[in-house]
Each structure stands twice: as structure tokens, then as C-alpha cells.
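# Structural description and commentary
So the chains spell out like this:
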Amino acid sequence: MIKLFKVKEKQRENAENANGRGPVKKQTAGELRLHKDISELNLPKSCAITFPNGKDDLMSFEVSIRPDEGYYAGGNFVFAFQVSPIYPHEAPKVKCKTKVYHPNIDLEGNVCLNILREDWKPVLNINTVIYGLYHLFTEPNSEDPLNHDAAAVLRDNPRIFETNVRRAMAGGYVGQIFFPRCI
């Protein structure tokens, strides 16, 4: 019985090749769901999505966020998304490619956002994640930090925090750490 399925598969592949088309790549359930999520995106004007590997690779894309309010207004922050074939049962992996002085993003680009970790549920989607990232820039959270130094300054002296954010975004040092310009 198993050989019969292999023979039928081989016949179908040969027929497709004879028609001048290459073999058709079957999409995973994760790819189908991601395609649906991306086609239904409803992003704010300050967010954009790009596909560095082309539109054929939906599982890897970048989102740029340009907050228009808060400490980070005017900055441009790029996030790389890697989506697993078992999406939406596993949250996408998100890294910030822009070095940023932020309590919820460490210097390696790891992002502390609850819906990317313990609060992820399959009913959530890419749109929800992007809005969550945007929210981190409009209201940084010092209560659940990855960058503990930035969180302490935000909590203890918001005015100095704002000065540090502006200095980092303009391309400068905050303490011993250099931040490239992102304005």
C-alpha cells in the first residue's frame, strides 16, 4: 500500500514536470495562516512591512516602526520576524535589528513582550504582535525589563531617561555604550 502512494506521487511529479511547470511546493499550515495574517494586516501609518528574501519567503520578514509620540518619536526601529512552520501554535521569533536604549529591548535585540512568550495564544496574529511592539515605544514598561539600567533610569528619573533616549537615537553614547543614529 505504501509503495502505491509513492508511485502515485512520482507520477504526479512527472506529469507536472512534463507540463513545463516545476514541482509545486506544498504550503504548511503555518504558511497558510501567515499568508492570511499578512493579507489582513491593518498597520498604523507609522509601521511598514518588507520581505528581504522576496514575497516567496513569507516566513521571514521585517517590520519598521516609526513612533509618532512618546520618548521614541521620530526614531526608526527595524524588527526581524522569523515564523515557525507550526505557527500559530508557536509565537514568531522577533529581534530588534536597531540598537536601542529601551527597558524592554536588550542590546542584542531581544524583545520582552508578554505575547511573544508566556501569553502567546494561537488566536493572536502578526498584527497583534506589531501593535504590541509599537506600544513598547509609546509606553515603555520598567516593571518587566530586559535592559535593567534603562528601566531603573525610567523608573527613578524620567527626565534623564528622555535625555538618554534622545542621545542614543541621535547617535551617541549612553554611559559606555554607543548607539548608532536611528532618527
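Residues numbered from 1 in each chain as written. Predicted model: local features only at pLDDT ≥ 70, side-chain atom pairs only at ≥ 80, totals over all residues. Heavy atoms only, no water.

### Side note on the sheet that holds strand S4 (residues 93-96)
Our working rule: Only strands joined by at least two bridges in the DSSP assignment are considered to pair. Helix numbers and strand numbers start at the N terminus; a helix is a DSSP run of H or I with at least 4 residues, a strand a run of E with at least 2. Angles shown run from 0 to 180 degrees and are taken between the N-to-C directions of axes, each axis being a line fitted to C-alpha atoms and, for helices, limited to the stretch in contact.
In space, the four strands of this open sheet follow the order S1-S2-S3-S4, with antiparallel pairing throughout. What marks the edges here is a single partner per strand, and that holds for strand S1 (47-50) and S4. With strand direction ignored, the average angle separating the axes of adjacent strands in the sheet is 25°. For strand S2 (residues 60-65) and strand S3 (residues 77-82), the ladder comprises six bridges, and the chain directions are antiparallel.

### A word on helix H4 (residues 148-156)
In plain terms, the rule: Only protein chains enter the accessibility calculation, which uses a 1.4 Å probe. A residue is then buried if its area is under 20% of the maximum for its type, exposed if over 50%, and partly exposed in between. When we speak of the arc, we mean the arc of directions from the helix axis to the C-beta atoms. Here a residue-residue contact requires only that any non-hydrogen atoms of the pair lie within 4.5 Å.
All of the buried residues in H4 are Ala150, Ala151 and Leu154. Take H4 and look down its axis: the buried residues cluster within an arc of 100°, on one side only. Of the exposed residues in H4, the ones pointing more than 90 degrees away from its buried face are His148, Asp149 and Asp156. Contact partners of the buried residues in H4: helix H5 (158-170).

### Quick look at the UniProt feature "active site" (unreviewed entry) in the protein
Just so we agree on the cut-off: UniProt positions are given in the numbering used here, feature names are shortened, and annotations may be inferred rather than shown by experiment.
The UniProt feature table records "active site" (unreviewed entry) at Cys112. Along the chain, cysteine 112 turns up in the loop between S4 and helix H3 (126-138). Overall, cysteine 112 belongs to the buried group, its relative accessible area being 5%. Beyond its immediate chain neighbours, meaning those up to four positions away, cysteine 112 contacts Asn104, Arg117, Leu136, Asp144 and Leu146.

### Concerning the side chain of asparagine 127
Note that asparagine 127 resides in helix H3. Not counting residues up to four positions away in its chain, the partners in contact with asparagine 127 are Leu41, Asn42 and Leu43.

### Re the packing of aromatic side chains
Each aromatic ring pair is characterised by the separation of its centres together with the angle its planes make. Heads up, the condition is: Pairing of aromatic side chains requires ring centres within 6.5 Å, counting the rings of Phe and Tyr and the six-membered ring of Trp. Pairs whose planes differ by under 30 degrees are stacked, by over 60 edge-to-face, and all others tilted. Note on geometry: a ring has a charge over it if NZ (lysine) or CZ (arginine) is within 6 Å of the ring centre and within 35 degrees of the ring normal.
Within the structure shown, the criterion is met by 12 aromatic pairs. Aromatic pair tyrosine 72 and phenylalanine 77: ring centres 5.9 Å apart, planes at 80°, arrangement edge-to-face. We classify tyrosine 72 as buried; its relative accessible area is 0%. Here phenylalanine 77 falls in the buried class, since its relative accessible area comes to 0%. A ring pair is formed by tyrosine 87 and tryptophan 120, whose centres lie 6.1 Å apart and whose planes are at 40°; its orientation type is tilted. Residue tyrosine 87 is located in the loop between S3 and S4, and its partner tryptophan 120 is located in the loop between S4 and H3; the two are separated by 33 residues in the primary sequence. Neither tyrosine 87 nor tryptophan 120 differs from the other in exposure class; each is buried. Site record: aromatic cluster; members linked through ring pairs are Tyr71, Tyr72, Phe77, Phe79, Tyr101, Phe137, Phe161 and Phe179. Directly above the aromatic system of phenylalanine 179 lies the positively charged group of lysine 99, at a separation of 5.7 Å from the ring centroid.

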